[in-house]
Amino acid sequence: FGGLMAGLLGVGGGIILTPIQYYLLVAYGVDSNIAMPLSFGTSLAVIFVTMIRSTKKHYDNDLVVTTFLSYIMVLGFIGAIIGAFISTHVDVSILKLLFGLMCFVAVINMILIKYPDNDDNISKSKVAHSLLGLIGGLLCGLLGVGGGIIMIPILTIVLKYPTHKAIGTSSASIIATSLGGLIAYMVLGWNVPNLPAYSIGYVNLIQFV
């Protein structure tokens, strides 16, 4: 289902994968302070793989706008590392609240906002695309989602991308944000005690597979 959401909506699937993994880990007996970053890191590992496949299909269909993609990806990669560092130093209750708020805003946005249907007015601003990458990356690292949940609304509403190209471009950018977050969670959790078996930092290989 996470993979379906990744391909259909251009979101990494973390909005589905992260809460399910968290509650499974807690039910298994893992401490919530470990379960939360572990669910984030493992979700990002899955997102990284699914978005490579998703992006290839979108690219083949000419739905990935590459003009400013490098700006989004580089800043997204950096932002995800920063977000992961913040996440591992914030109380779990705050992260739960932020994740729930993010889901609520995403749903309202998808229901109410009217998206452009052509690419005649796509923004040419390098600064705006760079800021988008940074914000999406921060969200990716902070809450274990690919970043598309914030990238797609900004691409469509602010930068005037048509919906399908926003989804395709977001998919491509999430490859970078999820990779940055994945590396950060593996490093930040490297020497953490009481991790479940077969974990590399905050990435559990069994859940990932």
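Residues numbered from 1 in each chain as written. Predicted model: local features only at pLDDT ≥ 70, side-chain atom pairs only at ≥ 80, totals over all residues. Heavy atoms only, no water.

Undergrad: Just checking my understanding: could you explain the pattern of salt bridges for this structure?
TA: Between side chains of opposite charge, pairing is possible as soon as their charged atoms come close. This model, assessed by the stated rule, comprises one salt bridge. Ionic pairing is found between Lys 56 and Asp 60, a salt bridge with its closest N-O pair at 3.0 Å. Of this pair, Lys 56 and Asp 60 are both found in helix H3 (residues 32-60), four residues apart, which corresponds to roughly one turn of the helix. Residue classification places Lys 56 among the partly exposed residues on the basis of a relative accessible area of 46%. Residue class for Asp 60 comes out partly exposed when judged on its relative accessible area of 48%. (Salt bridge = Lys/Arg side-chain N within 4 Å of Asp/Glu carboxyl O. Helix = DSSP H or I, 4+ residues; strand = E, 2+ residues; numbered from the N terminus. Buried < 20%, exposed > 50% of the residue type's maximum accessible area, 1.4 Å probe, protein only.)

Undergrad: Before we go on, may I ask you to explain the packing of helix H7 (residues 148-158) against helix H8 (residues 163-188) in this structure?
TA: Viewed as axis vectors pointing N to C, H7 and H8 meet at an angle of 140 degrees, and their least axial separation amounts to 9 Å. Taken together, the axis directions place H7 and H8 in an arrangement best described as oblique. The handedness of the crossing between H7 and H8 is right-handed. Contacts between H7 and H8 involve Gly 148, Met 151, Ile 152, Leu 155 and Thr 156 from the first element and Thr 163, Ala 166, Ile 167, Thr 169, Ser 170, Ser 173, Ile 174 and Thr 177 from the second. Its residues assigned to classes, the contact of H7 with H8 comprises six nonpolar, seven polar and no charged. (Axes fitted to C-alpha atoms, helices over the stretch in contact; angles between N-to-C directions. Parallel < 35°, antiparallel > 145°, perpendicular 65-115°, else oblique. Left-handed = near helix turned anticlockwise from the far one by under 90°. Contact = heavy atoms within 4.5 Å. Nonpolar A, V, L, I, M, F, W, Y, C, P; charged D, E, K, R; others polar.)

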